[in-house]
Amino acid sequence: MTNTQITDEAQRQLVRNLGMSQVPEEGRLTLERIRESVDAETDPEFASMGVSIRRDLSGKLDESLLEEELGKLATQIERLPDVREAGIPDGETEPEQLYRELVAPGWRVYDHLVDVGFFESVEDSLPRFTPEHIEHTAHELIRTEPLTSELSTIGFDEREKLVLVMNVVNNNTRLARWVPTKEIPEEVEFDVEHVPPLHQRAMGGALLWINALDVHLWQNRILVTDEILDDGYSDVKAMLGGLYAMTKAALDVAEDGPLTDAQLTAALTASAAITIVNQEEICKDVFWITEDMRAPSKARPR
């Protein structure tokens, strides 16, 4: 599935992957309805992973910086509808900064997390993506009501929050292709010692794809349609949601916040998964414009 679809099959797949007995008989799935149906038991290994991350990063994170940039990131997410409304970035000799402004707070968070070794610590503590790990992550994420409610305050409606969960749960085998750096087999990558940790690749990749949109849309404006811009809007919003959740998790470590240790593990895993899935989606939706997708040519009408 893509990040814009909630098909009946996608709902059935979500129900199967979460181990629920059946799709609710009336109405469509919502996080609230799923929360009432999934197992409430916490995986003790998740709590142990969260404890390890907190212990390793204790005293290293800048609480003030993370809190300030989290607020700015929320402001940029709320501004995204205006960016979509603007359409293709304006400019005579170079594009104006629409999408680059969206990710400016994310870059400052990323640089700080790199400086303190955040990504290495997370990769050391968390296992690779497997269907079982993704299922446990989804259970914890769905029950992490403070985090899902906060997404509502920054502009994610119930449908969009459900899509974020589907992006994680229904792409478990796809996510398994993204392995921790230490598990990359020999001779698959050159100079593996220079490959960043998985969560750094997830966050940095999302920032780079959004950052590149101003130039890409401006240079290819003759090809771009409203459908491409709409799909891009969904992809970018999902990635910004993932970046927000990762920053929120880092802030929770810095201030010893309200998330349980198991919820912290789920937030870090899910945020990386969301940014990974949607940076792959935006390639197909916006960057790789095929003949079928492009705006009609004035010189060669269809």
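In short, a report on the structure. Owing to the predicted nature of the structure, the values given are computational and were not obtained by experimental measurement.

## Focus on the pattern of salt bridges
Phase 1 of the analysis: The tally for this structure, following the rule as stated, stands at 20 salt bridges.
Phase 2 of the analysis: Among the salt bridges present, the one from glutamate 69 reaches lysine 72, with a minimum N-O distance of 3.9 Å. Note that glutamate 69 and lysine 72 are positioned in helix H4 (residues 63-86) at a spacing of three residues, about one turn of the helix.
Phase 3 of the analysis: Among the residues examined, lysine 72 registers a relative accessible area of 34% and is labelled partly exposed.

## Examining the packing of aromatic side chains
Phase 1 of the analysis: Evaluated as defined, the whole model comprises four aromatic pairs.
Phase 2 of the analysis: With 5.7 Å between their ring centres and 90° between their planes, tryptophan 107 and tyrosine 110 make a pair best called edge-to-face. Taken together, the residues span about one helical turn, with tryptophan 107 and tyrosine 110 both in helix H6 (residues 104-115) at a distance of three residues.
Phase 3 of the analysis: For the ring pair tyrosine 110 and phenylalanine 119, a centre distance of 5.8 Å and an interplane angle of 45° mean the geometry is tilted.
Phase 4 of the analysis: Phenylalanine 119 sits in the buried class, given a relative accessible area of 0%.
Phase 5 of the analysis: An aromatic cluster is present here, built from Trp107, Tyr110, Phe118 and Phe119 joined pairwise through their rings.
Phase 6 of the analysis: Over the face of the ring belonging to phenylalanine 156 we find lysine 237, whose NZ or CZ atom lies 4.9 Å from the ring centre.

## Quick word on the side chain of threonine 144
Phase 1 of the analysis: By the secondary structure assignment, threonine 144 is in the loop between helix H8 (131-143) and helix H9 (145-153).
Phase 2 of the analysis: Threonine 144 has contacts with Leu259 and Gln263, leaving out every residue within four places of it along the chain.

## Quick notes on the packing of H8 against helix H10 (residues 158-169)
Phase 1 of the analysis: It is the contact of H8 with H10, at a shortest axis distance of 9 Å, that shows an interaxial angle of 160°. When the axis of H8 is compared with that of H10, the two are roughly antiparallel. The hand of the H8/H10 crossing is right-handed. Each of Ile134, Ala138, Leu141 and Ile142 in H8 lies in contact with H10, whose residues at this interface are Val165, Val168 and Val169.

## Overview of H4
Phase 1 of the analysis: With 24 residues, H4 ought to run about 34 Å at 1.5 Å a step, and its terminal C-alpha atoms sit 34 Å apart, in line with that.
Phase 2 of the analysis: Bending of H4 peaks at approximately 40° at the position of arginine 79, with proline proline 81 no more than four residues after it.
Phase 3 of the analysis: Taken as a whole, H4 has its buried residues at Leu66, Glu69, Leu70, Leu73, Ala74, Gln76, Ile77, Leu80, Val83 and Arg84.
Phase 4 of the analysis: Buried-residue contacts for H4 involve helix H5 (99-102), H6, H9 and helix H14 (226-255).
Phase 5 of the analysis: Capping the start of H4 is the job of one residue whose side-chain oxygen sits 3.1 Å from the backbone nitrogen of serine 64: aspartate 62.
Phase 6 of the analysis: Just past H4, the residue glycine 87 takes up positive phi, approximately 75°.

The rules behind each value
Residues numbered from 1 in each chain as written. Predicted model: local features only at pLDDT ≥ 70, side-chain atom pairs only at ≥ 80, totals over all residues. Heavy atoms only, no water. Salt bridge = Lys/Arg side-chain N within 4 Å of Asp/Glu carboxyl O. Helix = DSSP H or I, 4+ residues; strand = E, 2+ residues; numbered from the N terminus. Buried < 20%, exposed > 50% of the residue type's maximum accessible area, 1.4 Å probe, protein only. Phe/Tyr/Trp six-rings, centres within 6.5 Å; stacked < 30°, edge-to-face > 60°. Lys NZ or Arg CZ within 6 Å of the ring centre and 35° of its normal. Contact = heavy atoms within 4.5 Å. Axes fitted to C-alpha atoms, helices over the stretch in contact; angles between N-to-C directions. Parallel < 35°, antiparallel > 145°, perpendicular 65-115°, else oblique. Left-handed = near helix turned anticlockwise from the far one by under 90°. Expected span 1.5 Å × (residues − 1). Bend = angle between axes of the 7 residues up to and from the residue. Polar contact = N/O pair within 3.5 Å; in protein donor to acceptor, adjacent residues only side chain to side chain.

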